[in-house]
Amino acid sequence: MEIHATIPALRAALKARQRIVFVPTMGNLHAGHIALMRQARAHGDTVVASIFVNRLQFGPNEDFDKYPRTFAEDCRQLEAAGVDVLFAPTEADLYPEPQQYQVDPPEIQNQLEGEFRPGHFRGVATVVLKLFNIVQPEVALFGKKDYQQLMLLRNMTRQLALPIKIVGGETVRADDGLALSSRNGYLTAEERLEAPHLS
């Protein structure tokens, strides 16, 4: 698996690649992410993953600084899943200057999860559009667990006429039914027992 941190290096590495399929992540990978990587192989010749903890989608009192960063283990899992290229930029690589141009989704961004996380989906849409412009995939995969995000990004891609097919991956669950999530590690033992009752 090739690993690139800078935009020029990634673009050079992908120049001769065919039928690129892209799976963006924030790292701290679990079986749901890996299922997307394996599913991606059916949609193209080159599977590209990204790991970037995107400050723009975190609110001022959210967990940006303590969000789990497990890069070495993530790389091991991605390589085992057959990922061809990993894009792992720093903030300076992806945002060399303040990101003043942003994608402002329609009112759906303020509903459901967005009601409690103002600006979250603006940050998601902005970084995904930027990653799409860098990677230039034909297909991109996102998990159905974050269904509001999936719909928002699918609609953004359609309305901005991006030549990218958005594929939703099925939610992967633990044995007790809880959807796998990078933030499940925050739960106490008592909360973890209660969580599967929330649907």
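Up top you'll find the structure we're talking about.
Just so it is clear, the structure is predicted and the values come from calculations on it, not from any experiment.

Asker: Outline the overall build of the protein, listing residues and values.
Answerer: When helices and strands are counted, the protein shows eight helices and six strands. Order of helices (α) and strands (β) in the protein, N terminus to C terminus: β-α-β-α-β-α-β-α-α-α-β-α-β-α. Expected size for 199 residues packed as a compact globule is a radius of gyration near 16 Å; at 16 Å, the protein falls within 12% of this value. Considering only C-alpha atoms, the protein reaches an extent of 50 × 35 × 30 Å along its principal axes. Within the structure as shown, the protein displays about 10,800 Å² of accessible surface, and the carbon and sulfur contribution to it stands at 52%. Charge separation in the protein, taken as the distance between the mean sites of 21 positive and 24 negative side-chain charges, equals 6 Å.

Asker: Can you tell me about the side chain of Thr 157, naming the residues and giving the values?
Answerer: Structurally, Thr 157 is set in helix H7 (residues 147-159). With a relative accessible area of 3%, Thr 157 lands in the buried category. Excluding residues that lie within four positions of it along the chain, Thr 157 makes contacts with Phe 132, Leu 162, Ile 164 and Ile 166.

Asker: Pulling in residues and values, what's your account of the environment of Ala 80?
Answerer: Secondary-structure assignment places Ala 80 in helix H3 (residues 71-80). The class of Ala 80 is exposed, set by a relative accessible area of 57%. Each C-alpha atom of the pair Ala 80 and Ile 34 lies 9.2 Å from the other, and the pair is 46 residues apart in sequence.

Asker: Lay out the pairing of strand E2 (residues 20-25) in plain terms, naming residues and giving numbers.
Answerer: In terms of burial, E2 is largely enclosed, as six of its six residues are buried. In E2, alternate side chains face the same way, and those of Ile 20, Phe 22 and Pro 24 on one face and Val 21, Val 23 and Thr 25 on the other are all buried. Handedness of the crossover joining E2 and strand E3 (residues 46-51) through helix H2 (residues 31-40): right-handed. Two strands pair when backbone bridges link them, and E2 and strand E5 (residues 139-143) are joined in this way by two bridges, in the parallel orientation. The residue bridging Val 21 from the neighbouring strand is Val 139, located in E5.

Asker: I'd love a proper account of the side chain of Arg 117, names of residues and values included.
Answerer: In this fold, Arg 117 is placed in the loop between helix H5 (113-116) and helix H6 (120-135). A polar contact of 2.7 Å, which involves the side chain of Arg 117, links it to the side chain of Glu 62. Looking at Arg 117, its side chain comes within polar contact range of the side chain of Glu 113, at 2.8 Å. Apart from the residues within four sequence positions on either side, Arg 117 is in contact with Gln 57, Glu 62 and Arg 183.

Asker: How would you explain the packing of helix H1 (residues 7-14) against H6 if you had to name every residue and give the values?
Answerer: Packing of H1 against H6 brings their axes to within 9 Å, and their N-to-C directions diverge by 50 degrees. Considering the angle they form, H1 stands oblique to H6. On H6, the residues touching Ile 7, Leu 10, Arg 11 and Leu 14 of H1 are Asn 133, Ile 134 and Val 135. Looking at the contact of H1 with H6 residue by residue, the classes come out as five nonpolar, one polar and one charged.

Asker: Tell me about the pattern of salt bridges, and please be specific about residues and values.
Answerer: For the coordinates displayed, the defined rule picks out ten salt bridges. Between Arg 117 and Glu 62 there is a salt bridge, with the nearest N and O atoms lying 2.7 Å from each other. Of this pair, Arg 117 sits in the loop between H5 and H6 while Glu 62 sits in the loop between E3 and H3, placing them 55 residues apart in sequence. For Arg 117, a relative accessible area of 13% corresponds to the buried category. The salt bridge partner of Asp 146 is Lys 145, with a shortest N-O separation of 3.2 Å. When its relative accessible area of 32% is taken as the criterion, Asp 146 is described as partly exposed. For Lys 145, a relative accessible area of 34% corresponds to the partly exposed category.

About the thresholds
In this numbering scheme, every chain counts its residues from 1 along its sequence in written order. pLDDT decides what is reported in this predicted model: residues at 70 or higher carry local features, side-chain atom pairs at 80 or more are listed and counted, and totals for whole chains, interfaces and linings draw on all residues regardless. Processing note: side-chain calculations cover all non-hydrogen atoms of the structure and skip hydrogens and water entirely. Helical segments are the DSSP runs of H or I of at least four residues, strand segments are the runs of E of at least two, and each set is numbered from the N terminus. Note that the radius of gyration is over C-alpha atoms, with the globule rule given as 2.2 Å times the number of residues to the power 0.38. To measure how exposed things are, a 1.4 Å probe is used in the Shrake-Rupley method; for residues, cover is taken only from the protein chains shown. We count Lys and Arg on the positive side and Asp and Glu on the negative side, and we leave His and both chain ends out. Each charge is placed at NZ for Lys, CZ for Arg, CG for Asp and CD for Glu. When a residue's accessible area, from a 1.4 Å probe over protein chains only, is under 20% of the maximum for its type it is buried; when over 50% it is exposed; and in between it is partly exposed. In this description, contact between two residues means that some pair of their heavy atoms is separated by no more than 4.5 Å. Assignment of crossover handedness uses the view with strands pointing away from the viewer, where a clockwise path from the first strand over the helix to the second indicates a right-handed crossover. The rule for pairing is simple: two strands pair if DSSP sees at least two bridges between them. Whenever a nitrogen or oxygen atom comes within 3.5 Å of another N or O atom, the pair is scored as a polar contact, on the condition that within protein one atom can donate a hydrogen and the other can accept it, and that pairs from neighbouring residues in sequence are kept only if both atoms are in side chains. Fitted lines through C-alpha atoms give the axes, limited to the stretch in contact for helices. The angle between two N-to-C directions lies from 0 to 180 degrees. If an angle is under 35 degrees, it is roughly parallel; if it is over 145, roughly antiparallel; if it lies from 65 to 115, roughly perpendicular; otherwise it is oblique. Under the convention adopted here, Pro, Cys and the residues Ala, Val, Leu, Ile, Met, Phe, Trp and Tyr are nonpolar, Asp, Glu, Lys and Arg are charged, and Gly plus all remaining residues are polar. Any Lys or Arg side-chain nitrogen located within 4 Å of an Asp or Glu carboxyl oxygen qualifies as a salt bridge.

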